[in-house]
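Here is what each chain is made of, one letter per residue.
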Amino acid sequence: MTAQLIDGVALSRQLRARIGEQTQALLQRIGRRPGLAVILVGDDPASAVYVRHKVAACEEFGLHSVFEKYEAATAEALVLDRVAALNADPTIHGILVQMPLPKHIDPQKVIAAIDPRKDVDGYSVLAAGQLTTGLPGLRPCTPLGCMKLIESTGQSLRGKHAVVIGRSNTVGKPMALLLLQANATVTVCHSATPDLGVHTRQADVIVAAVGRRSTVTADMVKPGAIVIDVGMNRNEQGKLCGDVDYAGVRDVAGWITRVPGGVGPMTITMLLANTLQAAEALLG
Ligand code: NAP
């Protein structure tokens, strides 16, 4: 079997075009655009690239965006002041503080300072509680993007067995909760799971969010499974690759995402979707 490619670039294009239309509709209805503010502290090169893509996507699809960059030594108090100012800014409906922050800044404090209605990353304790209890709210962008990729296969998750590898607060845990909400039976694996393959071989859906190359190999995948690769790693040649051994697994899986071109673009697309959602809620 050769798996069908789940193309995150193509799906993003479709969804972003729709977000662009909804942005125009909002503009015509009430004369306002959804606005996203992105704060970057420090010189992490990967973060700089992510932020650039996020701001560029806003511009391309008609959202208002503000980008604030601060040097690594910036005091925590200044970042908190900027968040407070953006909370009060009526042209801003989404605030994203790019992680990781320099060590002297407490990320939890910064996340907690963001007005929950503008928390478009969905990282706050409130957003986590809303997701856990099934209340409406802003969901973390990467897991939300993975759900859209799975939905695009046309396969229902009801009654399916999903295995999530990774249990971070930003990817693994919210991913597991979203799958559970979609009526999958969910197993969460992590670094203390003795034998990943025992679990993944029973999975109809595998979501790998580890940050380690070749974590999922062909012998670990049930024929026909949906395989979503969140991981972002570099191989020996310095090329971007995921957690899944794509070349081997595509011969076994039914559907598969690639790195690059899978989850990454969808994360940005969901950020735009969350900013639009926040703007619609804030502007009535
Ligand atoms: P993280 O916070 O480092 O979490 C990694 C998770 O993987 C942890 O729960 C860890 O378990 C687990 N793990 C580590 N080694 C393992 C092993 N050998 N077997 C099973 N589980 C193992 O990372 P993250 O933020 O969730 O991100 C995961 C990956 O996704 C990274 O490569 C990141 O760059 C990528 N990512 C991509 C996007 C995107 O838009 N494409 C967005 C976010 C993240 P413990 O909890 O036991 O330590």
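Scroll up a little and you will see the structure.
Residues numbered from 1 in each chain as written. Predicted model: local features only at pLDDT ≥ 70, side-chain atom pairs only at ≥ 80, totals over all residues. Heavy atoms only, no water.

A. Representation of the site of the ligand in the model. Neighbouring the ligand are 21 residues; Arg167, Ser168, Ser191, Met232 and Thr267 lie closest to it. Between the ligand and Ser168, the relevant distance is 2.5 Å, taken from an oxygen atom to a side-chain nitrogen or oxygen of the residue. Taking Met232, its main chain carries an N or O atom lying 2.9 Å from an oxygen atom of the ligand. Examining the composition of the shell around the ligand, we find that 3 residues originate from one element, helix 10 (residues 263-283), more than from any other. Broken down by class, the residue content of the shell around the ligand amounts to 8 nonpolar, 11 polar and 2 charged. (Near = heavy atom within 4 Å. Polar contact = N/O pair within 3.5 Å; in protein donor to acceptor, adjacent residues only side chain to side chain. Helix = DSSP H or I, 4+ residues; strand = E, 2+ residues; numbered from the N terminus. Nonpolar A, V, L, I, M, F, W, Y, C, P; charged D, E, K, R; others polar.)

B. Structural detail: the pairing of strand 3 (residues 64-70). Pairing between strand 2 (residues 35-41) and strand 3: 7 bridges, direction parallel. Paired with Ala37 across the bridge in strand 3 is Val66. Viewed along the sheet, the connection from strand 2 through helix 2 (residues 45-60) into strand 3 turns out right-handed. (Pairing = 2+ DSSP bridges. Right-handed = clockwise from strand over helix to strand, strands pointing away.)

C. Spatial organisation of helix 7 (residues 172-181). Turning to helix 7, its buried residues number three or more, namely Gly172, Pro174, Met175, Ala176, Leu178 and Leu179. Residues of helix 7 that are buried sit in contact with helix 5 (125-133), helix 6 (141-151), strand 5 (161-165), strand 6 (185-189) and strand 7 (205-208). Looking at the residues trailing helix 7, positive phi occurs at Asn183, about 70 degrees. (Buried < 20%, exposed > 50% of the residue type's maximum accessible area, 1.4 Å probe, protein only. Contact = heavy atoms within 4.5 Å.)

D. Main features of unusual backbone geometry. Met99 connects to Pro100 through a cis peptide bond whose omega is 0 degrees. Checked against the element boundaries, Pro100 lands in the loop between strand 4 (94-97) and helix 4 (107-113). Look at the link from Val259 to Pro260: it is a cis peptide, with omega at 0 degrees. Along the chain, Pro260 falls in the loop between strand 11 (255-257) and helix 10. Non-glycine residue Asn183 carries a positive phi angle of around 70 degrees. Under the relative-accessibility criterion, Asn183 is labelled partly exposed at 38%.

E. Region of interest: the environment of Leu282. By the element assignment, Leu282 lies in helix 10. Measuring from C-alpha to C-alpha, the distance between Leu282 and Gly129 comes to 20 Å, with 153 residues separating the pair along the chain. Setting aside residues no more than four positions away along its own chain, Leu282 makes contact with His93, Arg117 and Lys118.

F. Examining the pattern of salt bridges more closely. Under the counting rule described, the total for this entry stands at 6 salt bridges. In this structure, the salt-bridge partner of Lys69 is Asp43, at a minimum N-O distance of 3.4 Å. Placement of the pair is Lys69 in strand 3 and Asp43 in the loop between strand 2 and helix 2, with a sequence separation of 26 residues. Accessibility expressed as a relative area gives 45% for Lys69, which makes it partly exposed. Asp43 sits in the exposed class, given a relative accessible area of 62%. (Salt bridge = Lys/Arg side-chain N within 4 Å of Asp/Glu carboxyl O.)

G. Quick look at the side chain of Asn235. Locating Asn235 in the fold gives a position in the loop between strand 9 (233-234) and strand 10 (240-241). At 2.9 Å, the side chain of Asn235 forms a polar contact with the backbone nitrogen of Gln237.

H. The sheet that holds strand 2, seen in detail. Here we have 3 strands laid out as an open sheet, ordered 3-2-4, and parallel in their pairing. Since the sheet does not close on itself, it has two edges, and those belong to strand 3 and strand 4, each with one partner. Strand after strand, the sheet turns through a mean of 15 degrees between neighbouring axes, direction not considered. Helix 2 rests against strand 2, strand 3 and strand 4 of the sheet, and its axis sits at about 165 degrees to strand 2. Contacts from helix 3 (residues 76-88) reach strand 2, strand 3 and strand 4 within the one sheet, and its direction differs from that of strand 2 by about 175 degrees. (Axes fitted to C-alpha atoms, helices over the stretch in contact; angles between N-to-C directions.)

I. Representation of the sheet that holds strand 1 (residues 4-6) in the model. Sheet architecture is open: 6 strands sit in the order 1-11-8-7-5-6, paired in parallel fashion. Each edge of the sheet is formed by a strand with only one pairing partner; in this case those strands are strand 1 and strand 6. In this sheet, neighbouring strand axes are inclined to one another by 15 degrees on average, regardless of whether the strands run parallel or antiparallel. Docked against the sheet, helix 6 engages strand 1, strand 7, strand 8 (226-229) and strand 11, running at close to 150 degrees with respect to strand 8. Here helix 7 sits on the sheet in contact with strand 5, strand 6 and strand 7, set at roughly 170 degrees to strand 5.

J. Here's a closer look at the layout of surface pockets. Considered as a void within the structure, the second largest pocket measures approximately 310 Å³ in volume. Taken together, 16 residues line the second largest pocket, and the ones lying closest to its centre are Cys241, Gly242, Val244, Tyr246 and Val259. Contributing elements (two or more residues each) for the lining of the second largest pocket: strand 10 and helix 9 (246-249). The residue makeup of the lining of the second largest pocket, split by class, is 7 nonpolar, 4 polar and 5 charged. (1 Å grid on protein atoms, 1.4 Å probe; cavity = no way out; pocket = protein on both sides within 12 Å on 5 of 7 lines; lining within 4 Å. Points joined across faces, edges and corners; volume = space filled by probe spheres on them.)

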